[in-house]
Each structure stands twice: as structure tokens, then as C-alpha cells.
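Each chain, letter by letter, is given below.
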Amino acid sequence: MTNPESSAAGNFIREIVVQDVKAGKHGRIVTRFPPEPNGYLHIGHAKSICLNFGIAQEFRGICHLRFDDTNPTREEVEYVEAIQADVRWLGFGWGDKLFYASDYFERLYQYAVHLINKGKAYVDSLSADEMRAHRGTLTERGKESLHRNRSVEENLDLFARMKAGEFPDGAHVLRAKIDMASPNINLRDPALYRIRHAAHHRTGNRWCLYPTYDYAHPLSDAIEGITHSICTLEFEDHRPLYDWVVQQADAPCRPRQIEFARLNLSFTVMSKRKLLDLVEKGHVAGWNDPRLPTLKGLRRRGYTPEAIRAFCEHIGVAKRDGVVEMALLEHFIREDLNRRAPRVMGVLRPLKVVIDNYPDGQVEQLDAVNNPEDPGAGIRKVPFARVIYIERDDFREVPPKKFFRLAPGQEVRLRYAYIIKCVGVVKDDRTGEVVELHCTYDPETRSGSSQAGRKVKGTIHWVSATHALPAEIRLYESLFVKADPDDVPEGQDYTANLNPHSLERVTGCLVEPSLAGASPGSRYQFERLGYFCVDPDSAPGKLVFNRTVPLRDSWAKIEKAQH
RNA sequence: UGGGGGAUCGUCUAGUGGCAGGACGUCAGACUCUGGAUCUGACUACCUAGGUUCGAAUCCUAGUCCCCCAGCCA
């Protein structure tokens, strides 16, 4: 971890840092994660967090957490707290390096005065519309504002009065004086300050003048001594402006901005706007809805920080934009939970089975392995009795080819118990639905016994009728039916691709009694089904589980191929 | 259309003039008291056309396609 040369996952940014270190450019590497507190963190942020904090760790440097809170009209404390909790949950810390761009407002203001004095910034009094008209287009150069050549004294006076609150919103802005003819639109005298008579979540009403991102960000980086300012691709053509601001302000250091491609995940959306939209329009239940790619959603879904970090490590960092398959994220949570999650038995859709030759009233406590991947996890007792429930899917009256489960006349092993044979099927007279099975068991085949070696094709899970606990289980599918939710017919938007089956609440499930005290957040593998996590909605006597991800299911593939 | 970026297996990603590699995925098979896990094997890629070179994913030239930018958002 501390030796850059031995780093498993190299990428072009680490390479740049290595070169800079070799060249002796920096005493110590300082990065930063700079969220705007106007929304919750999602897995795309996790990529950036892992990158920034990861590089700092790797080079024995430090990563700052800095809130980019320059726009009081969209930011709230609720988010700054949530963001800190999420970063911590992901497994990263920032020591005492917690900062806010708003902490720098006074210094930023002084830098602006400095720019005015140098003739590098001026107060413009054009309206927003006029400014837009003056900006030109992608192909036509812009026109200079008639206020562009105001005297330093006049600019200083106006700027001070803007700060003092003498003008309404929009009356004036402070602009960088760069080049209205630049082919890079960002350099056509961008706004540095705008008037906003709005209360800020940290500075209250002290200011009515707020810096823009393009101005506050580079200077905040410089003030903090950031060596490598890592951001996403869309800021690439802001880099000349970033450099301009730092240089013209005569800031104490010159951070290097490096851009990488943001994460896109198939079958979901990542933009703050769409996420907010989904929440506000009620397509999901909130920011922590388990179907969302938000950190809070993934957490509730049962994802571990370790799995998310492993995912971020493996997707790599590059400049080409692409879409990572959801299957890769699922791979990492399966890998993590396979190693760590205790196994239990639970039946989603119970089918009653009476074992005719098993003594009525007898109960056996059978040994069950808690985690075959982890011998240290030990064993537990699972009660077995005459009436049990099995998974409805594990029985077919007319078994298709390669169906290794229960069917009339067929044998199957009950996990950790006996081999049983189906000898009778009870149906509902009216609907024809199978409501109960009759089986016989072979007492010689008890799990672990000398005769247990007899082979049967299939093993299925079960719960004892009298001992099982009722539960609600929430099954999730992808939020969208298309890998690219934006792939819609003309005139429709991404919500047209919402998956109507993204949530299925299954009630009447039965789980083994050892789950009685399961606390919210704890994760299990329900054997043969998948990984599940106790939902915060769960309560004693009212268990609620979320399915994090199903187990890989090769039978489902075979069956699908048969159709 | 001006500017800025980017194109390598289905997906993500290595590669910096010398055998195109890894991971996910998919398909087979082995094993298994989870149709899980594990193991084995297979699969499939350098945007195009020229050029330089003994040799090009890599260098050059000309194209093509994709993404970003015209907020007083970040």
C-alpha cells in the first residue's frame, strides 16, 4: 500500500503522481474529495473517493474532505452530514482535514480584489441574457462588454458595494478579464462572483456575494496546498481557466488538475438530477431505496464497503468514457459475502411437505455448517420435524429434463437432514394448485451418518413448520429494463424504461429459527437463494429482509435455454 | 460548425517500437449434502486507409465515429 511501485492497480493518474514525486515536485502528496453538499453520494462518487483517498494513502500523503459550498441556494447541512457519514462508512478518514470552500470566502474576496488591482477582473453590469448574447457561440467569437474597461477604482468601488449588499441579485457580476475571442468558451471572461441574497448553510447572512466554482475551486485547492486536483472529464476544458486563476491570483501553490472518466453503470442512472427526480417523483422510496446506486441505497441493499472498494479498485481509471456492467458490481458483493456471510435456510414461497413415516411429535436438532468457506464460523442446530416447508420452485409435478429436485416418485436430499421421496401430491380441487406433498424419508440417510453417502442428484433447503419464523422478503431487480435508461423512443424520457418489477415484496416467507434475533444490517446467505440483509424496517417478530443479490443460478440458465 | 478529449475482446482495463495480457461475462467439463463456492478448458479485441520500420495497438499522414463546452450550476 505504501510502495507505489508495488501497487496492484496502476492507472495513468498514479503514474503522473509517481513521475511528479520522482521529479521532486512535492514534499508530500495532497489530494481532496470536493463534493457539493446538494445531494447524496453514489457509487460514482465512491470511485472518486477511492481514487483520491487511495492515492493519498499510497503515497503517504493526505486527502482532504472539502465541501464545495459556493452556492447557498442549493446546499444544505443535511447533505454535509450525510456525505461525511457515507465517506466514513466507505472506510476513509480525513483526520482534521475537513474544510469548506465557504471557510475561504474572505480570502477569496481578497484574491478578487487583487485581480481587480492587476486589471485582471472587472465588474460587469450586463444582465444574464445580455451576457449570454455577448458570449458568442461555439463558432463565433464573443463581444466585449461595454463595462469591460472600467477603471480599477470604479471596479473596486462597485465590488465593495456588491459585497455590502447595495445591489439586488443579478445587478452586477465580477468577471475575469481574459479573452472574449477565445475558442474556449470558458475563457470568454467567465463570471467569478455573483450576487445572491440568500442565507448560506454555514456563513448565514454574512455574504450576499458568492464565488463561482471556476473561481473558488482552484483557489481552494491552492490554499490547501493540494498537489493533484483530480476531477472528471467535463472539466477538462476548464483547466486553462483553473490554471489562469491560480496564476493570476498569485496563489501560494499551483495544484495540477487531472481529469478522468466518471463511472457509468448499466441499468441505472447516476446523475444527481435524475436521482433527485426519482426520489421526488416517488419512483423510489427515498435516497436510501435499495434499488438506487446511492451509497445509502447500496448499504441498505446489503452491499459492504469492502465490496464497493474492491469494485472501484478493479474498474480502473482512464479517460475514455464507458459503461461498467452491473454484473461486475454484483460479482464483488458475491465474492465478499461468500467469504463472510453465515448460511441459513429460508423459504421464499413455502410448499407444505408431510413426511409420512416420520414420528409425529418428534423433533431432531440437526447440525448445520454456518459457513463452508470459513471453518471457524462453526455450526448451529436446525430443528427437523414431520411437517416441513420447501421452496415451491423445488417441486415439479412434471419435471423437465435435468430437473434434479422433487417430483412424484423422485428423491431429493434435504440439506443437513434426510433423503426424502415424494409419494403423494395433494391439489386444490378447484384450482388444481399443488397445496401439499407427501413424502417418506430414509432414516439411514441422516446427514453425517454412516449411510449418508447415498447419492441423490439434488439437495434442497427447507424449514420446520412448527419452528419457522415468518418473514417478509424484498426482492430487487434492476431499476431499469434497459442497460442504457436513456435509450428511449423520441419524445419520452428515461422514466419510460423504469422496471415495473424492480421491487417485489414477498410475504409469508419462512426462515429458520436461528434468525429470531437478527439485527438490522446483518447479512446472510439463504442457501441456494442469495445474499440477504436485514432491513431497518425489521422488528422482533416481524423480520424483513432485502435480497442483496441472488446466487448465480445455473439451473435458471439451463431452464431458460430449454425454452 | 470553433475548441477540448477519447477510440484495444460483449463489458471494464493493461500495453509507451518486439509473443495483445488480466478481470467480469458467456459456453463446456470436473467436483460438490448449496444447480453456490472451487477447479479445468474454451470464447472473443487493437476504428478505417495509407505511410515509416526488419518489426507498429504504440510513430507519421488523412479520414471515421463517440463524448464534453455557449449557467450569474458544479
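Please read these numbers as outputs of a predicted model, since none were measured by experiment.

1. Structural notes on the overall build of chain A
Turning to step 1, where the next piece is worked out: The helix and strand inventory of chain A stands at 13 helices and 25 strands.
Turning to step 2, where the next piece is worked out: Relative to the 2.2 N^0.38 estimate, which gives 24 Å for 563 residues, the radius of gyration of chain A is 31 Å and therefore markedly larger than a compact globule would have.
Turning to step 3, where the next piece is worked out: Its C-alpha atoms put chain A at 100 × 55 × 40 Å along the principal axes.
Turning to step 4, where the next piece is worked out: With 563 residues in all, chain A has 52% of them scored as buried.
Turning to step 5, where the next piece is worked out: Summarising the internal contacts of chain A: among those between residues at least 6 apart in sequence, 71% fall at separations of at least 24.
Turning to step 6, where the next piece is worked out: A total of about 25,400 Å² of accessible surface is found on chain A, and carbon and sulfur atoms cover 49% of it.
Turning to step 7, where the next piece is worked out: Here chain A carries 78 positive and 77 negative side-chain charges, and the mean point of each set is 3 Å from the other.

2. Regarding the packing of helix 7 (residues 213–224) against helix 8 (residues 239–248)
Turning to step 1, where the next piece is worked out: In the contact formed by helix 7 and helix 8, the axes pass within 9 Å of each other and the chain directions differ by 60°. Regarding the angle of helix 7 to helix 8, the classification is oblique. For helix 7 against helix 8, the interelement crossing comes out right-handed. Residues Asp214, Tyr215, His217, Pro218, Leu219 and Asp221 of helix 7 touch helix 8, and the partners they reach there are Leu241, Tyr242, Val245 and Val246.
Turning to step 2, where the next piece is worked out: The residue makeup of the contact of helix 7 with helix 8, split by class, is 7 nonpolar, 1 polar and 2 charged.

3. Notes on the domain arrangement of chain A
Turning to step 1, where the next piece is worked out: Here the domain parsing of chain A yields domain 1 (6–260), domain 2 (346–468) and domain 3 (469–563).
Turning to step 2, where the next piece is worked out: For domain 1 and domain 3, the distance between their C-alpha centroids amounts to 41 Å.

4. As for the protein's contact with RNA strand B
Turning to step 1, where the next piece is worked out: As a structural note, the neighbourhood of RNA strand B is formed by 68 residues, with Arg196, Ile315, Arg343, Ser447 and Gln525 the closest of them.
Turning to step 2, where the next piece is worked out: Near the protein, meaning within 4 Å, the atoms of RNA strand B are sugar or phosphate in a fraction of 61%, with bases accounting for the rest.
Turning to step 3, where the next piece is worked out: For RNA strand B, a base nitrogen lies 3.1 Å from a polar atom in the side chain of Arg413.
Turning to step 4, where the next piece is worked out: The side chain of Lys557 places a nitrogen or oxygen atom 3.3 Å from a phosphate oxygen of RNA strand B.
Turning to step 5, where the next piece is worked out: Secondary-structure elements contributing two or more residues to the surface near RNA strand B are helix 5 (128–135), strand 6 (191–195), helix 12 (326–340) and helix 13 (554–562).

5. Concerning the packing of aromatic side chains
Turning to step 1, where the next piece is worked out: Inspection of every chain in the model, using the stated rule, returns 22 aromatic pairs.
Turning to step 2, where the next piece is worked out: Relative to Phe332, the ring of Phe311 has its centre 6.5 Å away and its plane inclined at 70°; by these criteria the two rings are edge-to-face. Of this pair, Phe311 sits in helix 11 (residues 305–315) while Phe332 sits in helix 12, and the two are 21 residues apart along the sequence. In this structure, Phe311 and Phe332 share a single accessibility class: buried.
Turning to step 3, where the next piece is worked out: Relative to Trp462, the ring of Phe384 has its centre 5.2 Å away and its plane inclined at 90°; by these criteria the two rings are edge-to-face.

6. Quick look at the sheet that holds strand 25 (residues 543–550)
Turning to step 1, where the next piece is worked out: Here 7 strands make up an open sheet; going across it, the order is 10-23-24-25-21-22-11 and the pairing mixed. This sheet does not close on itself; its edge strands, each paired only once, are strand 10 (343–344) and strand 11 (346–347).
Turning to step 2, where the next piece is worked out: Running at roughly 120° to strand 25, helix 12 makes contact with strand 10, strand 23 (523–526), strand 24 (530–534) and strand 25 of the sheet.

The rules we used
- Throughout, a residue's number is its position along its own chain's written sequence, starting from 1.
- All chains are assigned letters beginning with A, and all ligands numbers beginning with 1, in the order in which they are written.
- Totals for whole chains, interfaces and linings use all residues, but because this is a predicted model, local features are given only for residues with pLDDT of at least 70 and pairs of side-chain atoms are given and counted only at 80 or more.
- Neither water nor hydrogens contribute to the side-chain values; these are computed over all heavy atoms in the structure.
- Only DSSP runs of H or I reaching four residues or more are called helices, and only runs of E reaching two or more are called strands; each is numbered from the N terminus.
- Radius of gyration: C-alpha atoms only; globule rule: 2.2 Å multiplied by the number of residues to the exponent 0.38.
- Summary of the burial criterion: residues with accessible area below 20% of their type's maximum are buried, those above 50% are exposed, and those between are partly exposed, where the area comes from a 1.4 Å probe applied to protein chains only.
- The criterion used for residue contact is that any of the two residues' heavy atoms lie within 4.5 Å.
- Using a 1.4 Å probe, accessible areas were evaluated by the Shrake-Rupley method; residue-level cover was limited to the displayed protein chains.
- Residues counted as positive are Lys and Arg, residues counted as negative are Asp and Glu, and His and the chain ends are not counted.
- Positions of charges follow a simple convention, taking NZ of Lys, CZ of Arg, CG of Asp or CD of Glu.
- Orientation is described by axes fitted as lines to C-alpha atoms, over the contacting stretch for helices, and by angles from 0 to 180 degrees between their N-to-C directions.
- Relative orientations are named as follows: roughly parallel for angles under 35 degrees, roughly antiparallel for angles over 145 degrees, roughly perpendicular for angles from 65 to 115 degrees, and oblique for any other angle.
- Should the near helix be turned anticlockwise from the far one by less than a right angle, the crossing is left-handed, and should it be turned clockwise, the crossing is right-handed.
- Nonpolar residues are Ala, Val, Leu, Ile, Met, Phe, Trp, Tyr, Cys and Pro. Charged residues are Asp, Glu, Lys and Arg, and all others, Gly as well, are polar.
- In this document the domain limits rely on a domain assignment from an automatic tool or a database.
- Here a residue counts as near a molecule or strand whenever at least one of its heavy atoms sits within 4 Å of it.
- In protein, a polar contact means a hydrogen-donor-capable atom and an acceptor-capable atom, both N or O and within 3.5 Å, with residues adjacent in sequence counting only if both atoms are side-chain atoms; elsewhere, any N or O pair within 3.5 Å suffices.
- Any pair of Phe, Tyr and Trp rings, taking the six-membered ring for Trp, is counted once the centres come within 6.5 Å. Such a pair is stacked with planes under 30 degrees apart, edge-to-face with planes over 60 apart, and tilted for the rest.
- Strand pairing requires that DSSP identify at least two bridges connecting the strands.

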